[in-house]
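Reading the structure
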Amino acid sequence: MTTTENENLASYDEAIRGDHMIGQWSFEPLLDASIGGPIPAGVGHVWPWSMTRTRLQEAADILGPAGWGRTNLTFLNPGITAGPPGSTHTLAAGIQIMRAREVNWSHRHTMSALRFVIDGNPESFTVVDGEELAMDTFDLLITPRYSWHDHHNPTDDEVVWLDVLDLGLTLSLKQAIFEPFGDESQPRRTDAAQSQGLRMKTLRPTWERTRESRLPVRYPWAEVREILDAYGTAEGNPYDGLSLRYTNPVTGGSTLPTMDCWIQQLVPGFNGRRHRRTSSSVGFVVSGHGKIEIEDVVFDLHPGDTFAIPNFTWHRLVNDTDESLRIFSVHDIPVLQALGLFYEEPHPIIGAQPAPAVPGIPKSPTHRIDAMLDKDETR
Ligand code: 1HN
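Anyway, here's the lowdown on the structure attached to this text. Computed from a prediction, not measured in an experiment: that's the story for all the values here.

1. Comments concerning the overall build of the chain
Counting its regular elements, the chain contains seven helices and 22 strands. Here the C-alpha coordinates of the chain stretch approximately 80 × 70 × 50 Å along the principal axes. Burial status across the chain gives 45% buried among its 379 residues. Sequence separation of at least 24 residues holds for 72% of the intrachain contacts in the chain that already meet a minimum separation of 6. Within the structure as shown, the chain displays about 19900 Å² of accessible surface, and the carbon and sulfur contribution to it stands at 55%. Positive and negative side-chain charges of the chain, numbering 32 and 50 respectively, have mean locations separated by a distance of 6 Å.

2. Looking at helix α3 (residues 49-63)
With 15 residues, α3 should cover 21 Å at 1.5 Å per step; its first-to-last C-alpha distance of 21 Å lies within 8% of that length. When we look at burial in α3, the residues that qualify are T52, L56, A59 and A60. For α3, the angular spread of the buried residues around the axis is 100°, confining them to a single face. Projecting away from the buried face of α3 at angles above 90 degrees are the exposed residues S50, D61 and I62.

3. Examining the nonpolar core
By size, the foremost hydrophobic cluster in this structure holds 38 residues, and its most contacted members are L114 and F328. In contact with L114, not counting residues within four places along its chain, are L140, L141, I142, T143, L162, D163, V164, L256, M259, C261, F328 and V330. With 14 residues, the next largest nonpolar core counts F270, I294, L301 and I309 among its residues.

4. Describing the sheet that holds strand β6 (residues 121-128)
Reading across from one edge, β7-β6-β9-β4-β11 is the order of the five strands in this open sheet, with antiparallel pairing throughout. Single-partner strands in this sheet number two, and they are β7 (131-135) and β11 (178-180). Averaged over neighbouring strand pairs, the angle between their axes works out to 25° when direction is ignored.

What counts and what doesn't
- Residues numbered from 1 in each chain as written.
- Predicted model: local features only at pLDDT ≥ 70, side-chain atom pairs only at ≥ 80, totals over all residues.
- Heavy atoms only, no water.
- Helix = DSSP H or I, 4+ residues; strand = E, 2+ residues; numbered from the N terminus.
- Buried < 20%, exposed > 50% of the residue type's maximum accessible area, 1.4 Å probe, protein only.
- Contact = heavy atoms within 4.5 Å.
- Areas by Shrake-Rupley, 256 points an atom, 1.4 Å probe, with all protein chains shown as cover.
- Lys, Arg positive; Asp, Glu negative; His and termini not counted.
- Charge placed at Lys NZ, Arg CZ, Asp CG, Glu CD.
- Expected span 1.5 Å × (residues − 1).
- Arc of directions from axis to C-beta.
- Core = buried A, V, L, I, M, F, W, Y, C linked by side-chain atoms within 4.5 Å.
- Pairing = 2+ DSSP bridges.
- Axes fitted to C-alpha atoms, helices over the stretch in contact; angles between N-to-C directions.

The quantities given are spatial measurements derived from coordinates; they are silent on function.
The structure is reproduced here in structure tokens:
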């Protein structure tokens with residue numbers, strides 16, 4: 001284009017801006033920048049436990065009992081400077097403390113939330129839609145979108161947890177709704193036979209429709225640890241190690257419609273391969289030590305550290321110690337899967353492998369039983 005043509009176009013752009021329009025050609029820089037994949041939002045970052053815990057104690061001292069609020073500090077991604085606040089563009093991880101004898105008043109919101117207890121107590125609990133969920137150390141408690149929740153600590157010890165909300169997602173979709181309950185505590189279900197928890201087991205009432213979403217689930221650590229122990233020294237896959245998804249106990253699907261939770265066990269010597277996903281995630285070191293490499297930055301990981309992996313950034317985990325490294329993590333994968341936008345490099349990893357084959361079936365031609373198998377089975 002000649003200088004005159006350029007000037008003509010520039011003044012035309014300005015003129016149509018006055019009529020609240022933009023030309024397709026103005027998107028070219030954005031389109032060019034998106035060749036080969038989405039542009040990551042923010043940067044890889046680690047919030048070390050020692051700093052986090054100190055800051056949380058300061059907040060507890062300055063604020064006094066939380067009452068209707070929460071003594072919560074949200075982790076902000078240093079590379080996200082515009083749009084909703086968060087640890088990634090969709091997820092807000094934070095650290096929260098409940099003082100001895102404290103109650104955090106009931107409210108609900110369209111943001112889904114979950115709590116991974118760091119320093120718990122079987123007598124402290126959160127109430128989700130009338131269900132009491134104990135907050136013991138390393139338990140995972142789910143607060144699905146728009147469920148009433150209040151937190152209770154009847155003990156003499158502080159309770160601390162990591163919470164993760166789909167804050168950036170819900171805010172950017174302009175779907176935030178908040179409602180205070182108007183009282184300290186919501187009513188709790190007194191009839192045990194009416195409990196949702198009872199209906200999340202393998203036996204369910206024949207005469208009822210099964211509720212599949214908005215379940216107030218508690219995943220007790222004792223059960224998770226038992227399962228991790230059962231896998232023993234299994235290495236899992238070369239990218240994520242032994243990575244297990246907390247499933248919806250009724251459907252077997254994602255933990256929440258917007259967020260998947262994982263527990264990972266990386267055996268001593270695990271040297272993860274680099275990969276990237278269109279999803280973003282936050283992780284929390286439950287136990288052990290290691291390293292995470294995000295793009296070209298290597299961070300040390302210690303128990304209690306929280307880290308953020310932005311969408312579509314190359315990353316890998318390493319355990320260069322002789323003790324297992326256990327990581328709890330949250331991913332916005334279900335949202336992208338639902339929209340057909342989930343993509344991984346260098347190749348599909350999530351759900352890509354068949355389940356273990358039935359042992360001992362002869363491969364002779366007389367056993368052509370493939371038609372009897374489910375699509376995800378091999379013989
Ligand atoms: C919230 O309601 C809780 O209920 C925790 O514990 C953290 C961060 C942003 C907005 C609402 C809670 C939150 C939050």
